[in-house]
Amino acid sequence: MNALTPAEQAAGWRLLFDGRTTNGWRGYRQTSMPAGWKAVDGALTRVSTATDIVTVDEFGDFELTVEWNLSPGGNSGILYRVTEDQELSWQTAPEFQIIDNAYKEPLKPGQLAGANYDLHPPSRDATKPIGTWNATRIVARGSHVEHWLNGVKVVEYELWSDDWLKRVQASKFKDLPNYARAKRGRIALQDHGDRVAYRNFKIREIKSGTQKP
């Protein structure tokens, strides 16, 4: 739990959460960690009012794996290549949607668990029951991005492609000209007002793929 095997170490994996402290994280656009995020029973957990948090380190092309446990009716998200040039993290970067699909309000396809939020809906519902641990994997190599949920590839897309641009223009991000343009940035966890816990948080940087401006 929150540990690397020798094989993972040899392959370049590292932990983003040590299971005991919040070292390596801070509040979005802040210098310290908000008190509402704690290390609880080996999980990085949103326990009370806080804000989004980000990794101290930045990443370009990477593979990320993590398990998450969400309260019933809960909502959160993992954002990647996050910059801090906007008031809110979601205004800067793509988001792997984490949500109870039986949410209190009807959800659009692009708001379901595993989606690239508001842009690419998941190919199917691959969630395990809320309250149990679900497994996320994100691969970002150049413009190519994959979302995996519990071993199922549910989203695949190309950043900055014509299709991506059309989707952005039809989304809540249409008035953000620099949205998801960064090729390198932080990993962020979203505080949406609900309890959510993350464990076995691992990342490895991978060789760069084809980059587009």
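Residues numbered from 1 in each chain as written. Predicted model: local features only at pLDDT ≥ 70, side-chain atom pairs only at ≥ 80, totals over all residues. Heavy atoms only, no water.

### Regarding the overall build of the chain
Where we set the bar: Here a strand is any run of E in DSSP of at least two residues, a helix any run of H or I of at least four, and the numbering for each starts at the N terminus. Radius of gyration: C-alpha atoms only; globule rule: 2.2 Å multiplied by the number of residues to the exponent 0.38. Per-residue accessibility, obtained with a 1.4 Å probe over protein chains only, is compared with the maximum for each type, and a residue is labelled buried under 20%, exposed over 50%, and partly exposed between these values. Contacts are assigned to residue pairs that have any heavy atoms within 4.5 Å of one another. Using a 1.4 Å probe, the Shrake-Rupley method yields the accessible areas, and only the shown protein chains count as cover for residues. For the purpose of counting charges, residues Lys and Arg are taken to be positive, whereas Asp and Glu are taken to be negative. His and the chain ends are not included. Working definition for charges: the position is that of NZ of Lys, CZ of Arg, CG of Asp or CD of Glu.
When you go through the chain residue by residue, the secondary structure sums to two helices and 13 strands. The C-alpha atoms of the chain give 16 Å as radius of gyration, which agrees with the globular expectation for 213 residues (17 Å, within 12%). When its C-alpha atoms are laid out on the principal axes, the chain stretches across 45 × 40 × 35 Å. A burial count over the chain gives 52% of its 213 residues as buried. Sequence separation of 24 or more characterises 66% of the internal contacts of the chain that already satisfy a separation of 6 or more. Taken as a whole, the chain presents about 9,700 Å² of accessible surface, with 48% of it coming from carbon and sulfur. Across the chain, 28 positive and 26 negative side-chain charges occur, with their mean positions spaced 2 Å apart.

### Focus on unusual backbone geometry
Trans peptide bonds make up the majority, and among non-glycine residues the majority have a negative phi. One non-glycine residue, Asp 41, lies in the positive phi region at around 50 degrees. Residues other than glycine seldom take positive phi values, yet Ala 180 does so here, at roughly 55 degrees. Its place among the elements puts Ala 180 in the loop between helix H2 (162–169) and strand E12 (186–189).

### Description of the sheet that holds strand E2 (residues 25–27)
Formally: Two strands form a pair only when DSSP identifies at least two bridges running between them. Only the contacting stretch of a helix is used when fitting its axis, a line to C-alpha atoms as for every element, and angles between N-to-C directions run 0 to 180 degrees.
Spatial strand order, E2-E5-E12-E7-E8: five strands in an open sheet with antiparallel pairing. Either end of the sheet is taken by a strand with one partner, and the two such strands are E2 and strand E8 (95–99). Recorded for the sheet is a direction-independent mean angle of 20 degrees between the axes of neighbouring strands.

### Considering the pattern of salt bridges
Convention followed: The term salt bridge refers to a side-chain nitrogen of Lys or Arg lying within 4 Å of a carboxyl oxygen of Asp or Glu.
Enumeration over the complete set of coordinates arrives at 15 salt bridges. Its salt-bridge partner being Arg 137, residue Glu 63 comes within 2.7 Å of it at the nearest N-O pair. Highlighted residues: Glu 63 in strand E6 (residues 62–70) and Arg 137 in strand E9 (residues 134–141), separated in sequence by 74 residues. When its relative accessible area of 26% is taken as the criterion, Arg 137 is described as partly exposed.

Take it as geometry only, folks, not as evidence of what the structure does.
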